[in-house]
Amino acid sequence: MPNGRVTIAFCTALTDNGIGKVTDMTDAPKRTPLYDLHVELGGKMVDFAGWEMPVQYPLGIMGEHKQCREKAAVFDVSHMGQVILRGEGVGEKLESLCPQAYATLKEGKARYGFFTNAEGGIMDDLIVSNAGDHYFVVVNAALRHQDIPHMQANLDGVEVTEIFDRALVAVQGPKAEDVVGDLCPAARDLKFMETTVADILGTECRISRLGYTGEDGYEISIPEDKAIEITRAFLAHDDCEAAGLGARDSLRLEAGLCLYGNDIDQSTSPIEASLGWAIQKRRKEEGGFPGADRIQRELADGPARKLVGIKPEGRAPARQGVEIQSAEGNTIGQITSGGFGPTVGGPVAMGYVSAGHAAPGGMVNLIIRGKPQPALIVALPFVTQNYKR
Amino acid sequence: MATYYSEEHEWIDVNGDTATLGITKHAAEQLGDVVFVEQQEVGDEFAKDGEIGVIESVKAASELYAPVDGEIVEVNETLADNPGALNEDPEGEAWIYKIKITDASQLEDLMDEAGYKDFIG
């Protein structure tokens, strides 16, 4: 058990899947505006998608995970790409790249979506906010090099500007409203998937009530020179602790949220990934986005495979790449994300299985280190999402 | 009784031709929260450097490698229900196996406590 291997294996689990491949690894890993604070707090720094990020702090993944489910946790997500879109009809134009109804996204609202390719696969997932005089888009860290040229090339007459001078900090958990609201009362008035601009400690920040943990909370875009000061102010709250990428991964997995590169990629369609909820009715009916043929066909006829929740019956975690077999011993799919769910108190996983085996309640076998381990197909999420609607 | 350490971060407490084996505190800290231990069975024989179990933390799975040739004579079955003990007392209560050593000369390749401390820096 060489001491380096643990971390390396973890990084591989998160990056050896397409995310890492598109990143320019020849550069030294980049640092976010919060780097010095991570080091001061004892964060264990790893290279994630070309960024030097804390995988955990001294509290540990399990403790940080529970902190977020029970109270509040702060995550640095500044490695994600923040992009501003300006121009006439940005929402309509985004509809040519995404199956979401962005033309009708109201000011002050945010909406989850994805870029699809011509084959109906997912190029990346993203959050688009209508900020009034512009649109604010957040994309995955490793895919900013793909997404920004993609928007520049395809959104005619739209000015696409990547922001490099702002941190992005997520405050998540049932106490997030108090942690952020104590410093910024306007944050309390936001509902899930709403966004606004407000002052925190005298600095104008973009505050959006959303996240990727399954809990209530915020993502806050902060000018880089104020990022540490404001993050420290959140951490000064009794109910708030710093949490790293490890907890972020186990939280989103329990919440049944897809990780790009693991659960969704260029080959998986949104319908296969059970993301049909994220395509609004008008777009489903009218099409007019890349890959609409496949996506509309799968909506009508059902997909050949489906992303499902998988609950191993034993204690052994089933990780990415584990083969899924039917009770009869036929290969029916593969685990795409899996590990230990601290809130569930046992192993949890997601994976694709052929459509005939996707119904909750079905028994399958997971081939872990050569041995079949029984598991149950279950409805996602594993932990009830706790959003403030 | 003498304690030896391997480069794979195991400790082995030798008493005649039997020994108790586990992972070091350093290994447990690096692994983080342990959630599952896969152990072999009493009577299983193994060769030095062979895989004799898997320890899974929240982060990742790590193999346990045999520091010497031997045979498993006792398995710490409490770890199945309480894998977290490996974080609390990895060099005590949370031992993993008791083994019979078949080639005591292999112990010479292992480190003593001072050597291991240098090794992990």
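Just so it is clear, the structure is predicted and the values come from calculations on it, not from any experiment. (Residues numbered from 1 in each chain as written. Chains lettered and ligands numbered in written order. Predicted model: local features only at pLDDT ≥ 70, side-chain atom pairs only at ≥ 80, totals over all residues.)

A. Layout of the overall build of chain B. Helix and strand counts for chain B come out as 4 helices and 9 strands. Each helix and strand of chain B, placed in order from N terminus to C terminus, yields the pattern β-β-β-α-β-β-β-β-β-α-α-β-α. Taken over the C-alpha trace, chain B has a radius of gyration of 13 Å; the compact-globule value for 121 residues is 14 Å, and the two agree within 12%. Over its C-alpha atoms, taken along the principal directions, chain B stretches across nearly 35 × 35 × 20 Å. Here chain B holds 121 residues, and the buried ones make up 44% of them. (Helix = DSSP H or I, 4+ residues; strand = E, 2+ residues; numbered from the N terminus. Rg over C-alpha atoms; globule rule 2.2 N^0.38 Å. Buried ≥ 20, exposed ≤ 12 C-beta atoms within 10 Å, placed from the backbone.)

B. How the structure looks around the overall build of chain A. For chain A, the count of helices and strands is 11 helices and 19 strands. Taking 389 residues into account, the globule formula puts the C-alpha radius of gyration at 21 Å, and chain A, at 20 Å, falls close to it. Projected onto its principal axes, the C-alpha coordinates of chain A cover approximately 65 × 50 × 45 Å. Each of the 389 residues in chain A was classed as buried or not, and the buried ones make up 54%.

C. Representation of the domain arrangement of chain A in the model. Residues and elements named next belong to chain A. When cut into domains, chain A gives domain 1 (3-78 + 165-254) and domain 2 (304-389). Centre-to-centre separation of domain 1 and domain 2, based on C-alpha positions: 27 Å. Elements supplying a minimum of two residues to the side of domain 1 that touches domain 2: α3 (60-70) and α9 (245-254). The biggest single contributor to the side of domain 1 that touches domain 2 is α3, with 4 residues. Of the residues that constitute the side of domain 1 that touches domain 2, the class distribution is 5 nonpolar, 3 polar and 7 charged. (Domains from an automatic or database assignment. Nonpolar A, V, L, I, M, F, W, Y, C, P; charged D, E, K, R; others polar.)

D. Quick look at the interface of chain B and chain A. On the side of chain A, 22 residues touch chain B, which itself brings 21 residues to the contact. If you list the elements that add at least two residues to the side of chain B that touches chain A, you get α1 (25-31), β4 (34-39), β6 (51-57) and β7 (61-65) of chain B. Looking at the side of chain B that touches chain A element by element, the count peaks at 4 residues for α1(B). Broken down by class, the residue content of the side of chain B that touches chain A amounts to 11 nonpolar, 5 polar and 5 charged. (Contact = placed C-beta atoms within 7 Å.)

E. The sheet that holds strand β5 (residues 45-46) of chain B, seen in detail. Residues and elements named next belong to chain B. The antiparallel open sheet is built from 6 strands, whose spatial order is β1-β2-β3-β9-β8-β5. Of all strands in the sheet, those with a lone pairing partner are β1 (2-5) and β5, marking the two edges. Pairing of strand β2 (residues 10-15) with strand β3 (residues 18-23) involves 6 bridges; the strand directions are antiparallel. By the bridge assignment, Ile 12 is partnered in β3 with Leu 21. (Pairing = 2+ DSSP bridges.)

F. Structural context of the pairing of β7(B). All names here are of chain B. Here 5 bridges tie β6 to β7, and the two strands are oriented antiparallel to one another. For Glu 56, the partnering residue across the bridge sits in β7 and is Ala 61. In this antiparallel pair of consecutive strands, β6 and β7, the connection spans 3 residues.

G. Expanded view of the nonpolar core. Counting residues in hydrophobic clusters, the biggest one holds 139 residues, and the most contacted among them are A:Val74, A:Val128, A:Val137, A:Val169, A:Val171 and A:Ala318. Two domains share this core, each providing at least three of its residues, namely domain 1 (3-78 + 165-254) and domain 2 (304-389) of chain A. (Core = buried A, V, L, I, M, F, W, Y, C linked by C-beta atoms within 7 Å.)

H. Spotlight on unusual backbone geometry. A cis geometry characterises the amide bond from A:Leu380 onward to A:Pro381, with omega recorded as 0°. With a phi close to 70°, B:His9 is a non-glycine residue in the positive phi region.

I. Broad picture of the packing of α3(A) against α9(A). Residue and element names in this part refer to chain A. Their axes nearest at 8 Å, the elements α3 and α9 cross at an angle of 55°. The angle between the axes of α3 and α9 places the two elements in the oblique class. Pair α3 / α9 crosses with right-handed handedness. Contacts between α3 and α9 involve Ile 61, Glu 64, His 65 and Cys 68 on the former and, on the latter, Gly 246, Ala 247, Ser 250 and Leu 251. (Axes fitted to C-alpha atoms, helices over the stretch in contact; angles between N-to-C directions. Parallel < 35°, antiparallel > 145°, perpendicular 65-115°, else oblique. Left-handed = near helix turned anticlockwise from the far one by under 90°.)

J. The arrangement of helix α4 (residues 113-120) of chain B in detail. In terms of residue burial, α4(B) counts as a barely covered element, since only 0 of its 8 residues are buried. Looking at the residues trailing α4(B), positive phi occurs at B:Gly121, about 70°.

K. Just the confidence of the model for chain B, in detail. Model confidence for chain B is summarised by a mean pLDDT of 95, while 100% of its residues fall at 70 or above. Scored by ipTM, the complex comes to 0.86, with pTM at 0.91. (pLDDT = per-residue confidence, 0-100.)

L. Region of the structure containing the pairing of β3(B). Residue and element names in this part refer to chain B. Counting buried residues in β3 gives 5 out of 6 residues, a clear majority hidden from the surface. Counted between consecutive antiparallel strands, the loop separating β2 from β3 contains 2 residues, among which Gly 16 sits at a positive phi close to 70°. With 4 bridges connecting them, β3 and strand β9 (residues 97-101) associate as antiparallel partners. Paired with Thr 20 across the bridge in β9 is Lys 98.

M. Structural detail: the sheet that holds strand β15 (residues 323-326) of chain A. Residue and element names in this part refer to chain A. Spatially, 6 strands are ordered β14-β17-β16-β15-β18-β19 in a closed barrel, and the strand pairing comes out antiparallel. Going across the sheet, the axis of each strand differs from the next one's by a mean of 40°, ignoring polarity. Judged from the 6 bridges that link them, strand β18 (residues 363-368) and strand β19 (residues 371-378) form a sheet pairing that is antiparallel. Across the sheet, the residue bridging to Asn 365 is Pro 374, located in β19. The strands touched by α9 within the sheet are β16 (331-341) and β17 (346-354), with β16 carrying the most contacts at an inclination of about 125°.

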